[in-house]
Amino acid sequence: MTDNHQDILQSIGSGDKYGFSYPDDSIFTSRKGLDEEVVRQISAYKEEPEWMLEFRLNAFRHFSKRPIPTWGADLSGLNLEEIIYYARPRQIDQKSWEDVPENIKNTFDRLGLPEAEQKYLAGVGAQYDSEMVYHNIQESLEKQGVIFLSIENGLKQHPDLFREHFASVVPFSDNTFAALNSAVWSGGSFVYVPKGVHVDLPLQAYFRLNMANIGQFERSLIIADEGAQVHYVEGCTAPLYRTESFHSGVIEIVVKKGARVRYTTIQNWSTNVYNLVTQRAVVEEDGTMEWVDANLGSKVTMKYPACFLKGPGAHGEVLSVAFAGPGQHQDAGAKMIHFAPNTSSKITSKSISRGNGRSSYRGLVRVASAAENSRSNVVCDALLLDHESRSDTYPTMDIKAKDVQIGHEATVSKIGEEQLFYLNSRGLSDEEATTMVVSGFIEPLVKELPMEYAVEMNKLIQIQMTGSVG
Amino acid sequence: MTELEIRNLHVLVNDKEIIRDFNLTIRQGEIHALMGPNGTGKSTLAYTIMGHPRYQITSGDVLIDGESILGLTPDERAHKGIFLAFQYPVSIPGVSLANFLRVALNARNKAVNPDDKGISVVKFRQLLKSKMDLLKMDYQFASRYLNEGFSGGEKKRAEILQMAVLEPRFAILDETDSGLDIDALRIVSEGVNTLAQGHIGVLVITHYQRMLNYITPDFVHIMYGGRIVESGKAELALRLEEQGYEWIREKYGVLPDGIHD
Ligand SMILES: Nc1ncnc2c1ncn2[C@@H]1O[C@H](COP(=O)(O)OP(=O)(O)OP(=O)(O)O)[C@@H](O)[C@H]1O
Ligand SMILES: [Mg+2]
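Residues numbered from 1 in each chain as written. Chains lettered and ligands numbered in written order. Predicted model: local features only at pLDDT ≥ 70, side-chain atom pairs only at ≥ 80, totals over all residues. Heavy atoms only, no water.

## Section: the packing of aromatic side chains
Just so we agree on the cut-off: Whether two aromatic rings pair depends on their centres lying within 6.5 Å, for rings of Phe, Tyr and Trp, where Trp uses its six-membered ring; planes under 30 degrees apart make the pair stacked, over 60 edge-to-face, and the rest tilted. Each helix is a run of H or I in the DSSP string that is no shorter than four residues. Each strand is a run of E no shorter than two, and both are numbered from the N terminus. Three labels apply to residues, based on accessible area from a 1.4 Å probe with only protein chains included: buried if under 20% of the type maximum, exposed if over 50%, partly exposed otherwise in between.
All told, the structure shown has 21 aromatic pairs over all chains when counted by the stated rule. Judged by centre distance (5.8 Å) and plane angle (35°), the rings of A:Phe308 and A:Phe339 are tilted. Here A:Phe339 lies in the loop between β12 (329-338) and β13 (344-353) and A:Phe308 lies in strand β10 (residues 306-309), a separation of 31 residues in the sequence. Comparing A:Phe308 with A:Phe339, the two get one shared label, buried. Relative to B:Phe150, the ring of B:Phe141 has its centre 4.6 Å away and its plane inclined at 55°; by these criteria the two rings are tilted. B:Phe141 sits in the buried class, given a relative accessible area of 10%. For B:Phe150, a relative accessible area of 6% gives the class buried.

In structure tokens:
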């Protein structure tokens, strides 16, 4: 393997990787299935420049030649012919509140969400009015020179900045689903934080309702210029109920010299969804990238946030939690590619499996020969709540440099009888006791979340655990 | 007057009889000390009363005010007012002592009164602080993860803090004195005295006189071979401290099959 930037970038995905999806407000809905015509329609509908159409078409041609990966979770249930690749979310459904499954409604109730918000989240209500809040925040961001737009508006209003960075972190050839996303992407965010600007409040925390609008093939691009700092939160702890069952997005982040970006995801897809996500950051000299990632729902999730540590002293972190319940497979992990000297990375992966749920940690740490004096530490902890559940780890280490420090620790534990008895003896039922042990297990992640998400995350765990103890 | 009665109890652990014909009645407000050689079944008795699933009761009964509690799960027994301060408390990483205690208190209160809405965070904090004051604990301690990295003595003190907050009717202290330094022993013992004061029936399991210097027992029992062989007043503990168990062995002979000391 040669130490060449582009090769390495591509090789990050050599096993394949994944993305995920956001909103769109178009009126146009494409027909089922995908061909060049559909790709052209999408681009025309969005009134895109020629280069973007070319990009989409090249991506489509690449996608057509690539197989669906078989090395990870079972994707045989995914029927790509049956998917509508472009649609206005609220129009495709035309469903009513009555059609929303009871368990989803119950979860809304238990989260204490107001009815309007519930309907909006379920995709059956009228537009929930978050416009006002948006405007106020937008104003204060603008004063700092921060750009925070939908990805479509980013392309229209900042064409040069956009083109310079778009697909620079995740080329369409990266993996099958990145290629698919590149062909049909729609929705997502475009963020630019100018040199030295620190955005104090987490972006998107205010727009959590908009997240209910997540499209199938969302694509986001975040650029933190030199010395800039930003925390982007993409999350919705309410279950995202969708009739369509496939989400495949791409998140690209550019962390310039001395900049710092944190990207937090909390997702609770309904359990029919294939959630295949490609998240990657390029980190330049002395920059820091942190992925904080919680995956609770979906049928299958494949997601391995990656950091390409390109500049000396760059630092990357992934802190993730996956919860695999009955019928779910969470195949999650992280990739750290050390390309420059004195780079460091840290992966903390926690998984919880119950009721025959399956979680896997799949990770890669690669230290190129140029990356002398680098450090990496990987810790994966799996918690199994019963005998039917399963957890595996697939760690890969590829170390080419000298003088590196690499640590790897993996533990699998079951909730101990003695822990349960201790909590029982203080008056907690089996369910309360188990929930408490689980909450404690994910505490290292929860404490990194903004307050409102932390509270909801804990409630969500309680809901997930309801009825989990026979 | 509420009482906890252990009647003709026989208990198997891994098919081995550890408790054989154990009898004891503890009334609310009484302090009983239970002493006896290592491996004689003291912790087994404590776990059995609390309802640990590993211990199999072959005959006998445990009753509160004449009502058997053997059909109850450990949490239901806790709701009835039984508390066990563990000889070896387990740690629960990521769960703070304060958070844990609030959940436990609410669970108990709700079991007693289904309409209970739960204690407010502010009120709970006050309650917790007053109990920590009683045991001379640093408030910081409440935000530590439950027993995680606690020193031996800290664990024991935290057990008594839990007892102070949960206000049980019957408390079993399984070697709470071991691991406590000299000052901590006094502080914790005085704390137990203050809490017990006629309200709690206490069973102090211990090997030494040291805790009994502060917590004066109304009764002292010697357990040997899975049952109580001698009962007396506080002096009995002093006699053990002086003479050890040799005279017990001489008097009651070699332990029955399968039981060792
Ligand atoms: N889970 C178990 N499996 C096997 N043997 C057990 C188990 N629990 C208790 N025993 C045995 O039962 C006997 C009584 O143990 P127990 O812990 O009750 O003694 P103890 O009186 O509390 O002793 P110590 O003073 O050392 O604390 C011992 O022989 C012990 O090895
Ligand atoms: Mg013992």
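## Re the interface of chain A and chain B
Spelled out, the test is: Residue contacts are counted whenever heavy atoms from the two residues lie within 4.5 Å of one another. Buried area is a sum: the accessible area each of two parts loses on coming together, probed at 1.4 Å, counted once for each and added. Counted as salt bridges are all cases of a side-chain nitrogen of Lys or Arg within 4 Å of a carboxyl oxygen of Asp or Glu.
Contact residues are listed per partner, giving 19 residues for chain A and 33 residues for chain B. When the two sides are added together, the surface that chain A and chain B hide from each other amounts to roughly 2,000 Å², 66% of it contributed by carbon and sulfur. Among the residues of chain A in contact with chain B, A:Phe421, A:Tyr422 and A:Arg426 are the three that bury the most area, contributing 39% of the side total. Viewed at the interface, chain B and chain A are joined by 2 salt bridges. Across the salt bridge formed by B:Glu159 and A:Arg426, the nearest N and O atoms sit 2.6 Å from each other. Listed by contribution, the elements that provide at least two residues to the side of chain A that touches chain B are α11 (417-424) and α12 (430-446) of chain A. In terms of residue count, α11(A) provides more of the side of chain A that touches chain B than any other element does, 7 residues in total.

## Details of the coordination of the magnesium ion (ligand 2)
The reference angle at a metal is 109.5 degrees if four donors form a tetrahedron and 90 or 180 degrees if six donors form an octahedron. Note the following rule: Each metal's donors are the N, O and S atoms found within 2.8 Å of it, except that Na, K and Ca use a 3.2 Å limit; water is left out, so coordination can look incomplete.
Those donors, B:Ser43 (OG) and B:Gln87 (OE1), are the protein atoms that reach the magnesium ion (ligand 2), and they lie 2.0 to 2.2 Å from it. With a gap of 44 residues between them, B:Ser43 in helix α1 (residues 42-50) and B:Gln87 in the loop between β6 (82-85) and α3 (97-112) connect regions that are remote in the sequence.

## A closer look at the environment of B:Ile19
Residues and elements named next belong to chain B. Among the structural elements, Ile19 can be located in strand β2 (residues 16-27). For the pair formed by Ile19 and Met1, sequence separation is 18 residues and the distance between their alpha carbons is 27 Å. Apart from residues no more than four positions distant in its own chain, Ile19 is found in contact with Leu9, His10, Val11, Gly41, Thr44, Leu45, Met223 and Gly226.

## Describing the sheet that holds strand β7 (residues 170-174) of chain B
Residues and elements named next belong to chain B. Under the convention used in this document: For two strands to be treated as a pair, DSSP must find no fewer than two bridges joining them. Axis lines are fitted through C-alpha atoms, for helices just across the contact stretch, and the angle between N-to-C directions can take any value from 0 to 180 degrees.
One open sheet holds the 6 strands; their spatial order is β6-β7-β8-β3-β9-β10, and the pairing between them is mixed. The sheet terminates laterally at β6 and β10 (227-232), the two strands that pair on one side only. The mean angle between the axes of side-by-side strands here comes to 20°, regardless of whether they run parallel or antiparallel. As defined by bridge partners, β7 adjoins strand β8 (residues 201-205) across 5 bridges and the pair is classed as parallel. Within β8, the residue paired with Asp174 across the bridge is Ile205.

## Points about the site of ligand 1
Residue and element names in this part refer to chain B. Test applied: The near set for a molecule or strand comprises every residue that places at least one heavy atom within 4 Å of it. Under the rule applied, a polar contact is a pair of N or O atoms within 3.5 Å (in protein, one hydrogen donor and one hydrogen acceptor; residues adjacent in sequence only if both atoms are side-chain atoms).
Surveying the vicinity of ligand 1 reveals 16 residues, the closest of which are Gly39, Lys42, Ser43, Thr44 and His207. In the environment of ligand 1, an oxygen atom lies 3.0 Å from a nitrogen or oxygen atom belonging to the backbone of Gly41. Gln87 is positioned with one of its side-chain polar atoms (N or O) 3.2 Å from an oxygen atom of ligand 1. When residues of the shell around ligand 1 are assigned to their parent elements, the largest contribution, 3 residues, is made by α1.

## A look at helix α5 (residues 152-166) of chain B
Residues and elements named next belong to chain B. Our working rule: Helix span is expected to be 1.5 Å times the residue number reduced by one.
If you check α5, its first and last C-alpha atoms are 22 Å apart, about what 15 residues at 1.5 Å a residue would give, namely 21 Å. For α5, the tally of buried residues reaches 12 of 15 residues, placing the bulk of the element in the interior. The set of residues buried in α5 consists of Gly153, Lys156, Arg157, Ala158, Glu159, Ile160, Leu161, Gln162, Met163, Ala164, Val165 and Leu166. Just past α5, the residue Glu167 takes up positive phi, approximately 40°.

## A short note on the sheet that holds β2(B)
Within a sheet, neighbouring strands are paired by backbone hydrogen bonds and run either parallel or antiparallel to one another. Residues and elements named next belong to chain B. Pairing within the open sheet is antiparallel, and its 4 strands lie in the order β2-β1-β4-β5. At either end of the open sheet lies a strand with only one pairing partner, and these are β2 and β5 (67-68). Direction of pairing for strand β4 (residues 56-64) relative to β5: antiparallel, over a ladder of 2 bridges. From the neighbouring strand, Ile64 faces β5, where its bridge partner is Glu67. The strands that α1 touches are β1 (3-13), β2 and β4; relative to β1, the one it contacts most, it runs at about 115°.

## What to know about the pattern of salt bridges
According to the stated counting rule, one finds 27 salt bridges over all chains in the structure shown. The salt bridge partner of A:Lys350 is A:Asp381, with a shortest N-O separation of 3.5 Å. Separated by 31 residues along the polypeptide, A:Lys350 in strand β13 and A:Asp381 in strand β15 (residues 375-384) bring together distant segments of the chain. Exposure class is identical for A:Lys350 and A:Asp381. Each is buried. Where B:Arg210 meets B:Asp177, a salt bridge forms, and the shortest distance between an N and an O atom there is 3.3 Å. One end of the pair, B:Arg210, is in the loop between β8 and β9 (219-224); the other, B:Asp177, is in the loop between β7 and α6 (182-196), and 33 residues separate them in sequence. Residue B:Arg210 is classed as partly exposed on the basis of its relative accessible area, which comes to 31%. Through salt bridges with shared partners, a single ionic network connects A:Arg260, A:Arg262, A:Glu290 and A:Glu448.

## As for the nonpolar core
Stated precisely, the cut-off is as follows: By nonpolar core we mean a set of buried residues, namely Ala, Val, Leu, Ile, Met, Phe, Trp, Tyr and Cys, connected to one another through side-chain atoms within 4.5 Å.
In this structure, A:Leu423 and B:Phe22 are the most contacted members of the largest nonpolar core, which totals 115 residues. A per-element tally of this core places α12(A) first, with 8 residues. Of all hydrophobic cores here, the second largest spans 37 residues; its members include A:Val191, A:Val197, A:Val318 and A:Tyr361.

## Observations concerning the pairing of β6(B)
Residue and element names in this part refer to chain B. Here β6 shows two buried faces, one formed by Ile82 and Leu84 and the other by Phe83 and Ala85. Relative to β7, β6 is paired through 4 bridges, and the arrangement is parallel. If you follow Phe83 over to β7, its bridge partner there is Ala171.

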